[in-house]
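# Fold and contact review
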Amino acid sequence: MTVIMESPANAPVAGIESLELELTGKCQLSCTHCLSESSPQATHGSMTPADWRAVITDAAALGIRTIQLIGGEPTVHPHWREFTELGLSLGLHVEVYSNLFHVAPDWWELFERDGVTLGTSYYSDDPDEHDKITGRRGSYARTRCNIREAVMRGITVRVGIVDILPGQHVAEARAELESMGVKHINTDRMRAVGRAQLPGVVPTLEEMCGRCTRGRAAILPNGDLAGCVLSRDFPAGNVREIRLADLLSGSKWSELAARIPAPRAACGPDDSNDCDPANTTACDPAY
């Protein structure tokens, strides 16, 4: 169980400003490239609601400014709204990274709260191509409808487009999003993590964009601390065993940070338009 910090820090520990909380592996979709290999059959993992509440409280006390609720699909976790409310009550910015396949009517009021933003993924202006990637017929129409609703309500929506298929309508997807009024759009190539990793290929940090551990960190459904959700194969301890503050100031975290290739080395001109797939304000992590 994570130990709650007693007093806030003056500056984020280890320079961490954003913490990704991967609440669950469960998702309505089964995207071909999913980093967590999420699906309707996956579970919420071993982190309990009390564990997540402690991590959120610790994050605020450590000076971390943003938490991002992701998955899988975070809104299928029974306590996601409670976690959002807790983060807001502690002065945190909360981004809910959802596939926007399903949005219950009473969720919109929470999404409209000050301090809350939405993140999502979008793949194509072609419904068949989008649905082929997500593995769920009708996902294009439902996600598009909910993006439009969010924009209409004045909710900040950040959208990431991942280039996966040969000839994919990436530019067309961007144009369609812009026509809907989406202001924050980023693209990235598919990275060899999760389902996108070839069989028999050993995970490598060279595949990362270079931002892992640099301003961000992630907690996985089993409690593992990672540099971001993409670097999940390289944990630096577990918050169910050691408090978050001690993990972020510990030797394993420092050693992991030292192993991450610098952004300039990891990202070339054609790598991604922001060279930052785990950033809550840039390319989005749920791939």
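First, a word on scope: everything that follows refers to the structure included in this document. The structure displayed is predicted, hence computed values, not measured ones.

Two cysteines joined by a covalent bond between their sulfur atoms form a disulfide. According to the stated counting rule, one finds zero disulfides in the structure shown. Summary of cysteine pairing: cysteine 27 is not part of a disulfide, and the nearest cysteine sulfur, belonging to cysteine 31, is at 6.3 Å. Residue class for cysteine 27 comes out buried when judged on its relative accessible area of 8%. Unpaired in terms of disulfides, cysteine 228 finds its nearest cysteine sulfur in cysteine 212, a separation of 3.1 Å. Note on cysteine 228: relative accessible area 1%, which makes it buried.

On to the side chain of glutamate 73. Within the secondary structure, glutamate 73 sits in the loop between β2 (66-70) and α2 (80-89). Within polar-contact distance, the side chain of glutamate 73 engages the side chain of serine 98 at 2.9 Å.

One pass over the full model with this rule turns up four aromatic pairs. When the centroid spacing of 5.8 Å and the interplanar angle of 80° are considered together, the rings of tryptophan 108 and phenylalanine 111 count as edge-to-face. Here tryptophan 108 pairs with phenylalanine 111, and both are found in helix α3 (residues 108-111), just three residues apart, close to one helical turn. Tryptophan 108 sits in the buried class, given a relative accessible area of 6%. By relative accessible area, which is 1% here, phenylalanine 111 ends up buried. Cluster of aromatic residues (ring-pair linked, three or more members): Trp80, Trp107, Trp108 and Phe111.

What counts, and at which threshold
Along each chain, the written sequence defines residue order, and numbers are assigned to residues from 1. Local features in this predicted model are restricted to residues whose pLDDT is 70 or higher, and side-chain atom pairs enter the listing and the counts only when it is 80 or higher, whereas totals over whole chains, interfaces and linings include all residues. Hydrogens and waters are ignored; side-chain quantities use all the structure's heavy atoms. Any two cysteine sulfur atoms lying within 2.5 Å of each other are counted as a disulfide. Per-residue accessibility, obtained with a 1.4 Å probe over protein chains only, is compared with the maximum for each type, and a residue is labelled buried under 20%, exposed over 50%, and partly exposed between these values. Note on conventions: DSSP H or I runs of at least 4 residues are helices, E runs of at least 2 residues are strands, and numbering of each starts at the N terminus. Polar contacts, as used here, are pairs of N or O atoms within 3.5 Å; protein pairs need one atom able to donate a hydrogen and one able to accept it. Residues neighboring in sequence count only if both atoms are side-chain atoms. The pairing test for Phe, Tyr and Trp rings, Trp by its six-membered ring, is centres within 6.5 Å, and the orientation test on the planes gives stacked under 30 degrees, edge-to-face over 60, and tilted for anything in between.

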